[in-house]
Every structure is written in structure tokens, then in C-alpha cells.
Amino acid sequence: MSTVPIESLLHHSHLRDNSKIYRGTRSFFIPCSLNLPSHFTSNKLLHSIRTSVGASSKHRRSVAIRASSSDTAVVETAQSDDVIFKENFPVQRIEKAQGKIYVRLKQVKEKNWELSVGSSIPGKWILHWGVSYVGDTGSEWDQPPEDMRPPGSIAIKDYAIETPLKKLSEGDSFFEVAINLNLESSVAALNFVLKDEETGAWYQHKGRDFKVPLVDDVPDNGNLIGAKKGFGAIGQLSNIPLKQDESSAEVKKKSKSSSDSTKERKGLQEFYEEMPISKRVADDNSVSVTARKCSETSKNIVSIETDLPGDVTVHWGVCKNGSKKWEIPSEPYPEDTSLFKNKALRTRLQRKDDGNGSFGLFSLDGNLEGLCFVLKLNENTWLNYRGEDFYVPFLTSSSSLVGTEATEAAQLSKHTPKTDKEVSASGFTDEIITEIRNLAIDIHSHKNQKTNVKEVQENILQEIEKLAAEAYSIFRSTTPTFSEESILAEAEKPDIKISSGTGSGFEILCQGFNWESHKSGRWYLELQEKADELASLGFTVLWLPPPTESVSPEGYMPKDLYNLNSRYGTIDELKDTVRKFHKVGIKVLGDAVLNHRCAHFKNQNGVWNLFGGRLNWDDRAVVADDPHFQGRGNKSSGDNFHAAPNIDHSQDFVRKDIKEWLCWMMEEVGYDGWRLDFVRGFWGGYVKDYMDASKPYFAVGEYWDSLSYTYGEMDYNQDAHRQRIVDWINATSGATGAFDVTTKGILHTALQKCEYWRLSDPKGKPPGVVGWWPSRAVTFIENHDTGSTQGHWRFPEGKEMQGYAYILTHPGTPAVFFDHIFSDYHPEIAALLSLRNRQKLHCRSEVNIDKSERDVYAAIIDDKVAMKIGPGHYEPPNGSKNWSVAVEGRDYKVWETS
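On a predicted model such as this, the values are computed, not experimentally measured, just so you know. (Residues numbered from 1 in each chain as written. Predicted model: local features only at pLDDT ≥ 70, side-chain atom pairs only at ≥ 80, totals over all residues. Heavy atoms only, no water.)

Peer 1: An account of the overall build of the protein is needed here, citing residue identities and associated values.
Peer 2: Across its full length, the protein holds 18 helices and 42 strands. Looking at the protein residue by residue over its 898 residues, the buried ones come to 55%. Taking all contacts inside the protein whose residues are at least 6 apart in sequence as the whole, residues at least 24 apart take part in 67%. Accessible area for the protein stands at about 38400 Å²; split by element, carbon and sulfur atoms hold 47% of it. (Helix = DSSP H or I, 4+ residues; strand = E, 2+ residues; numbered from the N terminus. Buried < 20%, exposed > 50% of the residue type's maximum accessible area, 1.4 Å probe, protein only. Contact = heavy atoms within 4.5 Å. Areas by Shrake-Rupley, 256 points an atom, 1.4 Å probe, with all protein chains shown as cover.)

Peer 1: Please set out the side chain of H748 residue by residue, giving values where relevant.
Peer 2: Within the fold, H748 resides in helix 14 (residues 741-752). If sequence neighbours within four positions are ignored, H748 has contacts with W793, R794, F795 and P796.

Peer 1: Describe the packing of aromatic side chains, naming the residues involved and giving the relevant values.
Peer 2: In this description, a pair of aromatic rings is defined by centroid distance and the angle of the planes. Taken as a whole and assessed by the stated rule, the structure comprises 26 aromatic pairs. Aromatic pair W523 and F818: ring centres 5.3 Å apart, planes at 70°, arrangement edge-to-face. With a gap of 295 residues between them, W523 in helix 8 (residues 523-528) and F818 in helix 17 (residues 818-821) connect regions that are remote in the sequence. The same class applies to W523 as to F818, namely buried. Residues W683 and Y686 carry aromatic rings whose centres are separated by 5.2 Å and whose planes lie at 85° to one another, so their mutual orientation is edge-to-face. Assessed through its relative accessible area of 15%, Y686 is described here as buried. An aromatic cluster is built from F513, W543, W704, F739, F780 and W793, whose rings are joined through pairwise contacts. When the ring centre of Y697 is taken as origin, the NZ or CZ atom of K587, which lies over that ring, is 4.7 Å away. (Phe/Tyr/Trp six-rings, centres within 6.5 Å; stacked < 30°, edge-to-face > 60°. Lys NZ or Arg CZ within 6 Å of the ring centre and 35° of its normal.)

Peer 1: Summarise the pairing of strand 7 (residues 113-119); cite the residues concerned and give the values.
Peer 2: The buried count for strand 7 comes to 7 of 7 residues, which makes it a mostly enclosed element. Here strand 7 shows no split at all, with W113, L115, V117 and S119 on one side and E114, S116 and G118 on the other all buried. As defined by bridge partners, strand 6 (residues 82-107) adjoins strand 7 across 7 bridges and the pair is classed as antiparallel. Considered in strand 7, the bridge of V103 is made with V117. Connecting strand 6 to the next strand, strand 7, in antiparallel fashion are 5 residues. (Pairing = 2+ DSSP bridges.)

Peer 1: Give me helix 11 (residues 652-668): which residues, what numbers.
Peer 2: One turn of the α-helix equals 3.6 residues, which is why residues spaced by three or four share an orientation. Taking 1.5 Å as the rise per residue, helix 11 with 17 residues should run 24 Å; its terminal C-alpha atoms sit 24 Å apart, in good agreement. Burial analysis of helix 11 places 12 of its 17 residues in the buried class, which makes it a mostly covered element. Following helix 11 by one or two positions, G670 has its phi on the positive side, about 100°. (Expected span 1.5 Å × (residues − 1).)

Peer 1: Now, about the environment of L364: what can you tell me, with residues and values included?
Peer 2: Note that L364 resides in strand 22 (residues 358-364). Its relative accessible area of 3% is what places L364 among the buried residues. Between the C-alpha atom of L364 and that of Y333, which follows or precedes it by 31 residues, the distance is 8.8 Å. Setting aside residues up to four positions removed in sequence, L364 forms contacts with K299, N300, W316, V318, P329, L371 and F394.

Take a look at the structure:
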């Protein structure tokens, strides 16, 4: 039996009288359910309640509802209930505002025409625009004549103009900018994109720049505006012949000064065209929580009220016994409550009578420590408080805290480890941070002494990794199991970021393509059909192929970065694919090729090093020490890729443009992170800059390097190889991980030559990057380059499942190749994926190598999974644990504790 105080309900519109505060003075009985307000429909009953409660007395009393399983309640008097917690939590809700972009051409006077661009969605809109001139060969964009630039325009370098959109009038919801067309000039087309400075988002037309043609022969790449309505036939602006030795600048000058430049202009036709647009808008709301201790029944009564619109569901559980884990309380529960996968409860809040928000009441046992909850608004919108679950502590009345004091006390209690000696969480984590800083200083001081410190540095790095793992284990212990297993099963996993680009630590990556995928022309659509299956297998991240226009059909020779119509599908199909995978709870990585870019035009020497499109860089964007492309930039900060111009990332304008492009890809397509191609070509510090700007959930770089061999035989010690990968990760400040090429190479030789002793380094650790920096190691056995039809470094045939038994049970973030998933290996891979998720193995799991001999390698991971690969025999040790076989196949076997 539970008791609910009626006073906690009086703030709702059913019982509210702003002029009075009601106090209970005598006992009476009312049949009703636990959710009292929805049943107070009788005016007579409402009047009786109001008249039966009087003014304040020396000892305040409250009217309480005592509910039973028979769905009835009794209102009775009780001593004043103590307020033990009261807080108003601000929450921010992100919604999509729908509107339109419009483009209008109209005649102002007889010879004066005006092009207007506007948006119906409020924002700090900027028109980023330029023009193309007749005879242009070296650039798609250029700056317009001075008299075409509206007031307030700002020149962007030498290729574009930015003009702010302004409200048409006070109270008007439309923002617009108007450009006067200079018909005496040789402008062939206007190019533009819209930028919202509030969000940093760029808006294009069909994945490309908007283009308004002013002559007949402007090429149509699917992004022309107005042409199909008659505009676009203004006429040839000039009959000036273009000589082979004339530059486009000379042609512009000649055309501008020529009196014949407009002789053949045709009549202009007005047009109006609009396109739909959506924008992510942040709305501020609040959640008010009040907890009272009923003095008569010792129950904890929690009232939750919010002004969030629509239906709001509370996913909740209680905390007890100092575990800080979500648990299911005993019945009864509020109305409209259901059990969610035996892990928590979900209760739909009741709408207020005035429609402005909703509320709910929760009556809980007095011996509980607190209430944890998150809010769900729709299928994909979850709200918490500053990245944490809402937490309502139940303190005793003698130590009652209200508001912020209670919140701080609750958070401190939540993160304080249980030890014989009380230690504050902040002090404990500060100690770890101090140790890490001291170790980093040690590395720096040893480097300055120029001594042989390789072993010392390795030891220090290992100590730092241990401390990081310790801090991570504390973090994990404070995360309720409900948020991992319940919310995540129904919606996207919350962004539990350990640090930038590393995800939650529980990621399993699927490479969603092979070398031949582009040939169908509809790969995005084919992937959508497999989304549900990939989600059911347990994958959390999908790696998509390069999305941009490319000289090579596979996408790794990018040209126009803002053209997202590729051999894999259109930009709209790409967006639909990302949305589909988000819907099933899988995050999506874009394949970003940043090291090199194919040029649009040749320079005066016939060398391809001039770029077009929105990023119309010149040869200053190309490194100076690549002899193939005559760049005027600085020397390369890495190795050159000789098939295309290598980009000079030391240039400020290059980094700015790349950061804007990455952010645009996040916003426009919906990517959650990046797979970075050929990162050997440029310094990791630039990668850090790009990651800081785009803030990926997960990122991984392809740092491909040759392992060490002596007379054709692979060396046992591959520390130098993995050190180069670790050095690159370190240059990014750990903002991204890297593919563990070291582990792949060692697995090749160990399995092919039956030399399983190679899988333990001299210190008894895994010999790849995963043995030194597991949280940044992305392990794999095959990808589109090494396997598929390329087969540059194919995994030993018939031993693939041994490789997967290794990477899917070990720390690091495992990546599974698409071809292997949809092959005869499917059931075995599925079983290993299920085991990894079931046992909650993660990127920092602890490995104890039990055997590393000629014909067998065996290890125990997190003391709950044992595995062996190789033809040799192994059984996990007997003892307190009961081992049962979970998966087995040819020359591999995996056990789990039962």
C-alpha cells in the first residue's frame, strides 16, 4: 500500500487556486486511482476538497491519498510532509524547423532586373556567393563587379562575397537579400550557397551550389535554378573570340569594356522557385522535480512536471543498497506504467488540462536511496541532464537539502567510491589526473635530455594507459545498466564520450562496402535493405564509402568535395541511408579523403593543380615537394601520394575550408564520425584541428606502414612499427584512433606459419597497437584494399575465423569486413558478436595471455571470456568459475562464464 499527499497535486490546474494555499484539516474518503488529478472531474467534489482544507496552523498538515492494488485511494490527514528535494532542471530540446529557400528574378524597371534569395526560417543567414564569367577556364567562382554587391557585403579572399540576409519588415518572418544584375558585365552565372551562422550549417541545391544561369550555354549539373522556367536564355553576352593565348582575366576585361557585350541579349523572363529547407532549432524547456517524505507512511513521494510539448514518457528505476544501479521497485506503479525488458519501468506522464506540458506522481518505498530517470519524447529523442540521468536523492528530513545543494550532494554521493576510508570523487580523479600529468612531464624531460629513453617512454605510456583505464572503470561503474541495455535497445546509444572520437568504448564497426560496391550504382539503396540485419547482429557503427565526386569510381580520388552524387548513389539516397541506420541505432562514419584532391584545371605548364567547385583552390594548396604537381605551398608534413596533388594542410585557408566541409557533412548528411584515408600524408596535429572542429563521436585513421622483416622473414619484435602508429595517434592528442595494422600483420604470419608464439610480446601483452593503446586501436583482418577483388594483402585463406575469434574477444574496437558478414562465415561471426555484446567486452578490456606456443594461443579476457586459436589443445583453468563453450569452429574455441 502506498500513500500520495494531495498537496503535491495542488499545483496542477485541477486543484489550483492562485489566491490560496490549501492545507488539510480533517479526514474524508474519496475513491480514485493513484493518478488523482485525472479523476477530479466533479465540481462538487472539487468544492468539497477546497472547503475542507483550511488556512495554516502552527504545525502544517497535508491531505494524503493512500492507494491500494484495487485502484482506490483514501484521503487522510497526515503530519506535514518534509520537502527533501526540489529542483527545476533546464533541458534543451533539438527540433527540426521546416521552411523554404526561394529564388526570385523580377524586373524592377525597364532595364533593371533584381535577383532575390530568401529563407522563411529565422536565423543569422549569410549568402555566400560568387559569379562565373564568360570564358572562364580556371575557376568556377569569382567575385562579382562592385555595383552588383549589396550593402553590407564582405569580400571572401578573391573568389566570393558574403552578404547577410535581412528581415523584409518588422514582424515579417522572411529573410532576404536582393542583388541588382549588371547586364553590362560579362557575368555568365551566379553561384551561391546559404550559410546559417547560428548553427554553422551550409545549405545547397541537390548536393551542389545553387547556380542561376545568365547565358544559354551554362552546363547543367542538376543544380540550375530558373532555367526550366524560361530563365537561362538571357542570351550570349558576347561574341568576343577567345584566343588560345588569352587568359580569362583578359577576356573579362575585354568583355566588360566591349560595347557589343549585350547586343544579342534576349528578353529576360521572371521566375520564382522555392525549395524545402529544414533547420535544427534548440528549444529551452524545464523539468521540475519535487520529492517529499510522508511523515505518516515514510513513503517518498516524487512529483515530476514539465513544459515539454507532446507525449512525454519517463523511463525510470530506483537505487538502493549503494549500488547506484537502476532497479525495479515494488508495486503499485502509477497509471500507464509498463515494464521495459525487466530492466526498468516507463510511465507516460499525464497532460495538463491547459495542454501546456504534463506531470506525474511516483510513490516509492522510504528505504530507497533515490530515483533515476530519463525522458523520451518520440522514437529518437531522449533527454537527460547535462549528459547524466536525472537523479532524485531521498535524504532524511534531518539532513534535508533543497535545490542545488541536494543536486550537488547527490552527484557527490553518486560518484564517491565505497571504501573503508571515505574519499571524495573529485579528490580521487584529481589524483589520477595529477599522476598522468607528472608522467607526461617525465616523457618531455627525458626527450630534452636526448638520452636513449625508448624503454622508459614505453613504461610511462603503459602507466598512463593503466591510469586511464582505472579512470574509465570508475566512469563505467557510475553508469546505470538501464541506460546501456534498455534505452540503447530502443533508440540510438547516448553519446557517452570518454574523449573526442573514441565513442563509448563498446563500439563494433562494420565496413559497409567492398572494392566493387560502386558498380551497382545503387549501393546506398542496397545497404538500406541490410540495416535491420546489421543492427540485429550487434553492430554499433557503419563505415560508408567516400561520398564525393571522384576521378576513380571507388571514391578515393576526390574532385569536388561538395558534390555528393557518386557512383554509390545520389546525395538524397545517402541521406536516406544515414537516417535508416540511425533509426536502427547504428552510427555512421564518412570516409574522408583529406590527403589529396584531383584538380579541375591545368596551370600554364599543363600540370593539373588548379581546383574548381566551391573550394576553388589554386596551386598554393598543393605541397611544394611533390615533383608531379608543381605546388606553391609548403613542404609536405608526411609522405606523398603520387597519384594526385597532395594538399598542403599548413595553409590557413585550406584548414578553414576543410573544417567547414567536415561540419557541413555532419549537418547535411548526418555523419557521426570519420574514417580518415591515408593519414600518413599529413601531420596528426592537423587531424586534431579537424576533429576539434567537427567533434565526431568516433574517428579512425588509416596509418598504413610496412612491418619489419629480415631476409624476408617477419621480425618477432614489431615495436618500431606500432610505435609509428602510436606516434601519429599521439600527434592528434588522442582525438582519433587508428587501424591496428601491426596486429593484422602479426596474425598473418602467426596463423600462416603456425607460429602462435608471436601473439605475445616480450612483456606478455598483445603485440599490436592494442597492447599499448587499446582504446585507440581499431583491429581488423580484412578491408576493401587487402581483401575483396584487390587482394593487396589478403588474410591467410581458411583462417579468417581464427582472426575474428581473436579481435572480437580482445580489447580495441573490432572492425568486420562486409564480404565476410554476408558469406559462409555469417553464423560464426554472429555468434562471436553476440558473445562480445553479451559479456560487455570493450576497447579497454583486460587480457591475460595464458598460452602463446608454437601451435596455440590462449587468453582470458576480463576474467569472464576465455579463448584459444590454433590447432593445439587448451582448456580454461578449473576453479571457482564454471566455463561453458560459447562458440567454436575450425582451430578456435571460445568459452564464457555461466
